[in-house]
Amino acid sequence: MKTENNSSVEAILQDFRTYMEYRDMSENTIHAYLYGAEQFLTMYGAISHDNLMLYKCYLVEHYKPQTVNQRIRAVNCLLESLHLSASRILMIRVQQKPFLENVISQADYEYLKKCLIRDGNLLYYFVIRIMSTTGMRISELVQIQAEDVKRGHMDIYSKDNKIRRIYIPKKVRKDCLNWLKNIPRTSGYIFLNRYGDRLTPAGIRGQLKKFTVLYGLDPSVVYPHSFRHLFAKNFLKAHGDISMLSDILGHESIETTRIYLQRSSAEQKRIINQVVNW
């Protein structure tokens, strides 16, 4: 299949967006897949086996494995939309490391909470507290509403209409309701900026980076997904049911969840320093 000019590329991308919207894919996924599809079409101009292989080689040479596979998924989705599934590209195998990297420690988490309370920043206090006590993804966190807090749970609907229920622990729910009462905010989204607009994942990431400077924390461990990691590690330590944890986190496979059975690289280093005396 050839794409001879920019207008034809734009037409393909518009049809591709329509296809993904019809499949009820998230806006973040649509944005990422459009970027990958446009990159491929712009670079090679035609869909052929040779060009697909060249693109895969280009990705491997220039990007990290996770990004390579994301771009390959994007192009494969484009191929499906064009009824060319037989031309799908195989993703590369990502070697899973035998340890977790860049997970915030419990001590740093407690320190960050104390700093936020001290400075009266209850908005971000509850941002990190809810992430670390529910295992929510950042894209899910920004959707939480006062009504969800009152109920004690939030239902997330997947693209295939499956429901994943995220529970808000009783103590967190009580504290959050008191905060909402004092703001006051009795309905709608709870995490809003000073203009009254809903916080965005990018905005939260940027603010967390500022906290690392303000409070002297390691920026490599203070990011949204780190609090999800912290929840998973603490849950397994307290309960030990990896199957239940996999369901709570919304993992498609329990194998994805098994990483939380492993210690962080920092924990491994500390243990080695403690026990090796020969």
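It should be noted that the structure appears before, not after, this text.
The structure displayed is predicted, hence computed values, not measured ones.

The rules behind these values
Residues numbered from 1 in each chain as written. Predicted model: local features only at pLDDT ≥ 70, side-chain atom pairs only at ≥ 80, totals over all residues. Heavy atoms only, no water. Phe/Tyr/Trp six-rings, centres within 6.5 Å; stacked < 30°, edge-to-face > 60°. Buried < 20%, exposed > 50% of the residue type's maximum accessible area, 1.4 Å probe, protein only. Lys NZ or Arg CZ within 6 Å of the ring centre and 35° of its normal. Helix = DSSP H or I, 4+ residues; strand = E, 2+ residues; numbered from the N terminus. Pairing = 2+ DSSP bridges. Contact = heavy atoms within 4.5 Å. Salt bridge = Lys/Arg side-chain N within 4 Å of Asp/Glu carboxyl O. Arc of directions from axis to C-beta. Polar contact = N/O pair within 3.5 Å; in protein donor to acceptor, adjacent residues only side chain to side chain.

Colleague: How do you make sense of the packing of aromatic side chains when you look at a structure like this?
Modeller: Two numbers describe a pair of aromatic rings. These are the distance of the centres and the angle of the planes. Summed over the entire model, instances satisfying the criterion amount to eleven aromatic pairs. Ring centres of Tyr 58 and Tyr 63 lie 6.2 Å apart, and the angle between their planes is 75°; on these two criteria the pair is classed as edge-to-face. Assessed through its relative accessible area of 27%, Tyr 63 is described here as partly exposed. Directly above the ring of Tyr 63 sits Arg 71, whose terminal nitrogen or CZ lies 4.8 Å from the centroid. Stacked on the ring of Tyr 189, the Lys or Arg Arg 198 has its end atom at 4.3 Å from the ring centre.

Colleague: What's the story with the pairing of strand β2 (residues 163-167) in this structure? I'm lost.
Modeller: Across a regular strand the side chains alternate sides, sitting on one face of the sheet and then on the other. Burial along β2 is one-sided: Arg 164 and Ile 166 are buried, and none of Ile 163, Arg 165 and Tyr 167, which face the opposite way, are. With five bridges joining them, strand β1 (residues 153-157) and β2 adopt antiparallel strand pairing. Counted as the bridge partner of His 153 is Tyr 167 from β2.

Colleague: It is not clear to me how the environment of Asp 119 should be interpreted in this structure. Could you clarify?
Modeller: Mapped onto the elements, Asp 119 comes out in the loop between α5 (106-118) and α6 (122-134). Those residues within four positions of Asp 119 in sequence are excluded, and the remaining contacts are Leu 214 and Tyr 215.

Colleague: What's the story with the pattern of salt bridges in this structure? I'm lost.
Modeller: On inspection of all chains with the given rule, the structure shows twelve salt bridges. Arg 88 serves as the salt-bridge partner of Glu 80, at 2.5 Å between the closest nitrogen and oxygen. Exposure remark for Arg 88: the relative accessible area of 42% places this residue in the partly exposed category. Measuring nitrogen to oxygen at the nearest pair gives 2.4 Å for the salt bridge that ties Asp 148 to Arg 151.

Colleague: I tried to follow helix α12 (residues 242-249) on my own but got confused; where do I start?
Modeller: Along an α-helix, residues three or four apart share an orientation, since each turn contains 3.6 residues. Along α12, the residues classified as buried are Ile 242, Leu 245, Ser 246, Ile 248 and Leu 249. An end-on view of α12 places all buried positions within 165° of arc, on one side of the element. Lining the buried residues of α12 we find α6, β2, α11 (224-238) and α13 (254-257). For α12, the N-terminal cap is Asp 241; the gap from its side-chain oxygen to the backbone nitrogen of Ser 243 is 3.1 Å. In the segment just after α12, Gly 250 is the residue with positive phi, at about 80°.

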